[in-house]
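Geometric and topological summary
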Amino acid sequence: MQWWGNIVPLLHLSWTDAPLLRNDLFYIELGGVRHRYHSPLSRCIYLGDPTERMMFTAKVIAEGLNAVLEKVRPGVVCEELAAAWKAVISRYGVEKESRIGYPVGIGYPPTWGELTASIRAGDRTELEPNMTFHCIPAIWTEDFGVVISETFAVTDRGADVFAEYPRELLYKS
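Notes on the structure follow. (Residues numbered from 1 in each chain as written. Predicted model: local features only at pLDDT ≥ 70, side-chain atom pairs only at ≥ 80, totals over all residues. Heavy atoms only, no water.)

1. What about the pattern of salt bridges?
Taken as a whole and judged by the stated rule, the model has nine salt bridges. When the shortest N-O distance is used, the salt bridge between Arg124 and Glu79 registers 2.7 Å. Highlighted residues: Arg124 in the loop between strand S4 (111-113) and strand S5 (132-135) and Glu79 in helix H2 (residues 78-91), separated in sequence by 45 residues. For Arg124, a relative accessible area of 56% gives the class exposed. Here the salt bridges do not stand alone but share partners, grouping Arg43, Glu150 and Arg167 into one network. (Salt bridge = Lys/Arg side-chain N within 4 Å of Asp/Glu carboxyl O. Helix = DSSP H or I, 4+ residues; strand = E, 2+ residues; numbered from the N terminus. Buried < 20%, exposed > 50% of the residue type's maximum accessible area, 1.4 Å probe, protein only.)

2. Some remarks on the packing of aromatic side chains
Counting across every chain of the model gives two aromatic pairs. Considering the side-chain rings of Phe56 and Tyr92, the 5.4 Å spacing of their centres and the 80° angle between planes classify their relative orientation as edge-to-face. Of this pair, Phe56 sits in helix H1 (residues 52-71) while Tyr92 sits in the loop between H2 and strand S3 (101-108), and the two are 36 residues apart along the sequence. According to the relative accessible area criterion, Phe56 is partly exposed, its value standing at 38%. Measuring from centroid to centroid gives 5.8 Å for Phe133 and Phe152, while their planes differ by 20°, and the two rings are stacked. Here Phe152 lies in strand S8 (residues 150-155) and Phe133 lies in strand S5, a separation of 19 residues in the sequence. (Phe/Tyr/Trp six-rings, centres within 6.5 Å; stacked < 30°, edge-to-face > 60°.)

3. Looking at the nonpolar core
Counting 37 residues, the largest nonpolar core has Leu81, Trp85, Ile119, Leu127, Phe133 and Phe152 as its most contacted members. Considering every element that reaches this core, the biggest residue donor is H1, with seven residues. Apart from residues lying up to four places away in sequence, Phe133 is in contact with Cys78, Tyr102, Pro103, Val104, Ala117, Ile119, Leu127, Glu150, Thr151, Phe152 and Val154. (Core = buried A, V, L, I, M, F, W, Y, C linked by side-chain atoms within 4.5 Å. Contact = heavy atoms within 4.5 Å.)

4. As for the packing of H1 against H2
Orientation of H1 relative to H2, taken along the N-to-C sense of each, is 150°, at an axis distance of 8 Å. Judged on the interaxial angle alone, H2 and H1 are roughly antiparallel. Read as a crossing pair, H1 and H2 show a hand that is right-handed. Taking contact as the criterion, the partners of Val60, Ile61, Glu63, Gly64, Leu65, Ala67, Val68 and Lys71 in H1 are, on H2, Glu80, Leu81, Ala84, Trp85, Val88, Ile89 and Arg91. The residue inventory of the contact of H1 with H2, partitioned by class, reads 10 nonpolar, one polar and four charged. (Axes fitted to C-alpha atoms, helices over the stretch in contact; angles between N-to-C directions. Parallel < 35°, antiparallel > 145°, perpendicular 65-115°, else oblique. Left-handed = near helix turned anticlockwise from the far one by under 90°. Nonpolar A, V, L, I, M, F, W, Y, C, P; charged D, E, K, R; others polar.)

5. Some details on H1
Given 3.6 residues per helical turn, the α-helix brings residues three or four places apart onto the same face. Between the first and last C-alpha of H1 there are 29 Å, a value that for 20 residues agrees with the 28 Å anticipated at 1.5 Å per step. Of the positions making up H1, those classed as buried are Met54, Thr57, Ala58, Val60, Ile61, Ala62, Gly64, Leu65, Ala67, Val68 and Leu69. (Expected span 1.5 Å × (residues − 1).)

6. Brief notes about H2
Helix length check: H2 (14 residues) gives 21 Å between terminal C-alpha atoms against 20 Å at 1.5 Å per residue, within 8%. Within H2 the residues assigned to the buried category are Cys78, Leu81, Ala82, Ala84, Trp85, Val88 and Ile89. The buried residues of H2 all sit within an arc of 155° when viewed along its axis, so they share a single face. Among the residues trailing H2, Gly93 stands out with phi positive, at a value near 75°. (Arc of directions from axis to C-beta.)

7. Remarks on the pairing of strand S2 (residues 37-47)
Within S2, nine of the 11 residues are buried, which leaves the element mostly enclosed by the surrounding structure. In this sheet, S2 lies alongside strand S1 (residues 25-34) in antiparallel orientation, the contact comprising 10 bridges. Bridge assignment links Ile28 to a residue of S2, and that residue is Arg43. (Pairing = 2+ DSSP bridges.)

8. Some remarks on unusual backbone geometry
You will see that Arg36, though not glycine, has its phi angle at about 70°, which is positive. Checked against the element boundaries, Arg36 lands in the loop between S1 and S2. According to the relative accessible area criterion, Arg36 is partly exposed, its value standing at 39%. One non-glycine residue with positive phi stands out, namely Asn130, at about 80°. Tracing the chain through its elements places Asn130 in the loop between S4 and S5.

This is how it looks when you write it as structure tokens:
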């Protein structure tokens, strides 16, 4: 495990009873579930006053996520969503080649994700009405990482986002 100050840049860690401290940055991924249908939602929380760079990174992620959601329509392919994300982050000099999303639906342990498609370059899976995805773009730097995600369904009108929660870095001064 690599540590950067008070920041642990790893996902899906096991619980710990260690106290949260000032200037800790942590990632929370919640899952709403109904009849085994899953709707994940991720945000980062900083205990203290975040740096300008952290706030800027969150702004870039939110802008990129919004661009992805605006692109969602039946007939669009997954790699077009990834390209919308990449177009935004590239304007800010950020590079990220890994996937930014995966389909979700009926989940059975050990995962709620489906292994049928991926929001990434090269995936030509065509979006169809009622498909659901967890778009989880993140930017990890040498000092910190920020994640802001949304789960959405594909509709004829575009993305139907399952949660109404601010797309920003949350913090407690």
